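# Geometric and topological summary
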Amino acid sequence: MKAELRCMLLPEPWRFIPPDDLRILDVRSVDGLADHEQAWNRLLLDSSTASPMMSYAHISAFMETQIKESESWLCLFAYERDQLIGVLPVIAARSFGALGYRLIMMKTPFDLMHTGSVDCLTLPGREGLIEIFADYLSRMPRTWPVIRIREIPERSPTMVHLAKPGRRLAAIAFLSAAENYIEVPSDLTVFHHRLSSKFKAQLRRGLKKLQEFPDLRFLCRDENRSVDENMRRFESVEHAGWKGRENTSVKAMPANARFCQLAAERYATAGWMEWNFMEGDGTTIGAHYAVRVRRTVYLLKIGYDERYSKTTPGNVLLEKVVEHAIAAGDVDEISLVADCAWHSHWAMKRRELHDVIILPPVPFISSWLARFMVTNTGRKLLDRLRKREGEAS
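Attention here is on the structure that accompanies the text. Chains are numbered independently. Their residues run from 1 in the order of the written sequence. Owing to the predicted nature of the model, reporting of local features is limited to residues with pLDDT of at least 70; listing and counting of side-chain atom pairs is limited to 80 or more, with chain, interface and lining totals taken over all residues. With hydrogens and water excluded, all non-hydrogen atoms of the structure serve as input to the side-chain values.

This next bit is on the overall build of the protein chain. On a plain count of helices and strands, the protein chain comes out with 13 helices and 14 strands. For each residue, the accessible area found with a 1.4 Å probe, counting protein chains only, is set against the maximum for its type, and the residue is called buried under 20%, exposed over 50%, and partly exposed in between. Of all 393 residues assigned to the protein chain, the portion counted as buried reaches 55%. Two residues form a contact once any of their heavy atoms are found within 4.5 Å. Of the contacts made within the protein chain by residues no fewer than 6 positions apart, 74% connect residues no fewer than 24 positions apart. Accessible surface is estimated by sampling points in the Shrake-Rupley manner with a 1.4 Å probe; for residues, cover comes only from the protein chains shown. Total accessible area computed for the protein chain in this model is approximately 18400 Å², and 51% of it derives from carbon and sulfur atoms. For the purposes of this entry, the term helix denotes a DSSP run of H or I that reaches at least four residues, the term strand denotes a run of E that reaches at least two, and both are numbered from the N terminus.

Looking now at the packing of helix α3 (residues 56-65) against helix α10 (residues 254-270). Two quantities define a packed helix pair, namely the angle between the axes and the distance from one axis to the other. Helix axes are fitted only over the stretch in contact, all axes being lines through C-alpha atoms; the angle between N-to-C directions runs from 0 to 180 degrees. One can describe the packing of α3 onto α10 by two numbers: an axis separation of 8 Å at closest approach and a directional angle of 150°. It follows from the interaxial angle that α3 and α10 lie roughly antiparallel. For the element pair α3 and α10, the recorded crossing hand is right-handed. Contacts between α3 and α10 involve Tyr56, Ala57, His58, Ser60, Ala61, Phe62, Glu64 and Thr65 on the former and, on the latter, Ala255, Arg258, Phe259, Leu262, Ala263, Arg266 and Tyr267. Within the contact of α3 with α10, the residues separate by chemical class into nine nonpolar, three polar and three charged. We call two directions roughly parallel when the angle between them is under 35 degrees, roughly antiparallel when it is over 145, roughly perpendicular when it lies between 65 and 115, and oblique otherwise. Left-handed is the label given to a crossing in which the near helix is rotated counterclockwise from the far helix by less than a right angle, and right-handed is the label when the rotation is clockwise. Gly counts as polar in this scheme, as do all residues outside two lists: the nonpolar Ala, Val, Leu, Ile, Met, Phe, Trp, Tyr, Cys and Pro, and the charged Asp, Glu, Lys and Arg.

With that settled, consider empty space enclosed by the protein. Both cavities and pockets are sets of points on a 1 Å grid over the protein atoms alone; in a cavity a 1.4 Å probe fits but cannot get out, in a pocket the set is open with protein on both sides within 12 Å along at least five of seven lines, and lining residues sit with an atom within 4 Å of a point. Grid points are joined across faces, edges and corners, and a volume is the space filled by probe spheres set on the points. Counted according to the given criterion, the structure contains three cavities of 30 Å³ or more. Taken as a whole, the largest cavity holds about 120 Å³ of empty space. Contributing to the lining of the largest cavity are Thr49, Ser51, Met53, Met54, Ser117, Pro153, Arg155, Ser156, Glu179, Tyr298 and Val337. Within the lining of the largest cavity, the residues separate by chemical class into five nonpolar, four polar and two charged.

Counted residue by residue, strand β7 (residues 143-153) has ten buried out of eleven residues, so it is predominantly covered. Pairing analysis gives six bridges linking strand β5 (residues 101-107) to β7, with the strands arranged parallel. Counted as the bridge partner of Lys107 is Arg148 from β7. Where β7 and strand β14 (residues 349-358) come together, five bridges link them in antiparallel fashion. Bridge pairing links Arg148 to Ile357 in β14. We treat two strands as partners when DSSP finds at least two bridges between them.

Examined against the element boundaries, Ala264 turns out to sit in helix α10. Look at Ala264 and you get buried, because its relative accessible area is 0%. On a C-alpha basis, the gap between Ala264 and His58 in space is 8.6 Å, while along the polypeptide they are 206 residues apart.

Let us look at the pattern of salt bridges. Put simply, a salt bridge is a Lys or Arg side-chain nitrogen that is within 4 Å of an Asp or Glu carboxyl oxygen. The full count for this structure, using the stated rule, is 31 salt bridges. In this structure, Arg150 and Asp355 form a salt bridge, with 3.6 Å as the shortest nitrogen-oxygen distance. With a gap of 205 residues between them, Arg150 in strand β7 and Asp355 in strand β14 connect regions that are remote in the sequence. A single burial state applies to Arg150 and to Asp355, both of which are buried. The closest approach of N and O atoms between Arg245 and Glu306, which form a salt bridge, is 2.6 Å. Taken together, the positions of Arg245 in helix α9 (residues 242-245) and Glu306 in the loop between β12 (296-304) and α11 (313-328) put the pair 61 residues apart, joining distant regions of the chain. Among the residues examined, Glu306 registers a relative accessible area of 25% and is labelled partly exposed. When salt bridges with common partners are traced through the structure, they connect Arg217, Asp222, Arg225, Glu229, Arg232, Arg233 and Glu279 into a single cluster.

Throughout this description, the term nonpolar core refers to a set of buried Ala, Val, Leu, Ile, Met, Phe, Trp, Tyr and Cys residues connected via side-chain atoms within 4.5 Å. Residues Trp40 and Tyr289 are the most contacted members of the largest nonpolar core, which totals 81 residues. Non-local contacts of Tyr289, meaning those with residues more than four positions away in its chain, are made with Met231, Phe234, Cys260, Ala263, Ala264, Met273, Glu274, Trp275, Tyr298, Leu299, Leu300 and Lys301. Leu195, Leu210, Tyr308 and Met348 belong to the second-largest nonpolar core, a separate cluster that totals 29 residues.

This next bit is on the packing of aromatic side chains. Note on ring pairs: Phe, Tyr and Trp rings are taken, using the six-membered ring of Trp, and paired if centres are within 6.5 Å. Classes follow the plane angle, with under 30 degrees stacked, over 60 edge-to-face and the rest tilted. For the structure shown, the criterion picks out twelve aromatic pairs. Ring geometry for Trp275 versus Phe277: centroids 6.2 Å apart, planes at 15°, classification stacked. Grouping aromatic residues by their ring pairs yields a cluster made of Phe234, Trp275, Phe277 and Tyr289. Cation placement over rings: the criterion is NZ of Lys or CZ of Arg within 6 Å of the ring centroid and within 35° of the ring normal. The ring of Phe110 has Arg150 lying over it, and the distance from NZ or CZ to the ring centre is 4.0 Å. The lysine or arginine in question, Arg225, covers the ring of Phe277, its NZ or CZ lying 4.8 Å from the ring centre.

Over its 16 residues, α11 extends 22 Å from the first C-alpha to the last, a length consistent with the 22 Å expected when each residue adds 1.5 Å. Listing the buried residues of α11 in full gives Pro313, Asn315, Val316, Leu317, Leu318, Glu319, Val321, Val322, Ala325 and Ile326. Of the residues flanking the end of α11, it is Gly329, one or two places downstream, whose phi is positive at about 70°. To estimate the expected span of a helix, count its residues, drop one, and scale the result by 1.5 Å.

Below is the structure:
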């Protein structure tokens, strides 16, 4: 008789002989992750994607605060001699057992509250490490793993590898979402030329109203205050909007607040954390919780005080951030890591995202699952899983 094992724990690390000069390390503690922090940061900067969601700061904070009691996790590291060349964090979410075997459902860290796009992180040209990581997981005793990766762009290592001929990895990929970004020009006039006359007039009116406050100021990339102080200010202003009313703000959920605090501290240690604030009338009117890696800024969280909604504070602050990036000359892209209706005012570009399901290397199981997942029933099951994850967030 089949049974769903919700409180499944991963077995102890198992024997695995990797090819060539590789070492595969199976790490299952936050302290263990910290041992790789510096090498992980270097790998991120050298990678083709350099997304903060694949960083030590994000993954370690996620594993420390967001894992459910019914879940287990591990993080795989691939070293070639002394150089870290690949990382894959995975969560064991549930398993189904029968006759001494089990099918285990695994996923990379994903939460709608904290954005997704957590893929295998590799050096350029070493995207095939995803096959080695999958091989390691498939050697789990008497277990067939199914690994789900959510909302990754085409340039992400797994997608790059799936496009290569001769791959052994059994997987299916399909469009699942999109994210928008502002392409930052070198000239402010070029940027304003993209915006409609109506929207530019709205921005001017909003700024004029805000300038009635004698203490109005914009702090872009604030480095004078502590992470604790900036986190407190961000939480307060985000909670003052609709997220506070619906209890979806960072401040309303202690685990999420802890996650954001830890991640911000670790981003700051790496030199990547960015805080943007609009302050006036004796309070914080708008704020960004952002990260800048290489030449991309990721606006991970935004908030504004709805008492000032007539001044369009969110739009005014974003315009100031774009202006600051152009003046600094060190940003090519500002990613909103989401796809929202209000983005259309900013002439943003769109990047398609894909879900990937990696199947176990068992001929019958893999072929059956591959056929099932592309049926209407399979797609409906995936939709239900996505909704369940969203509700859990």
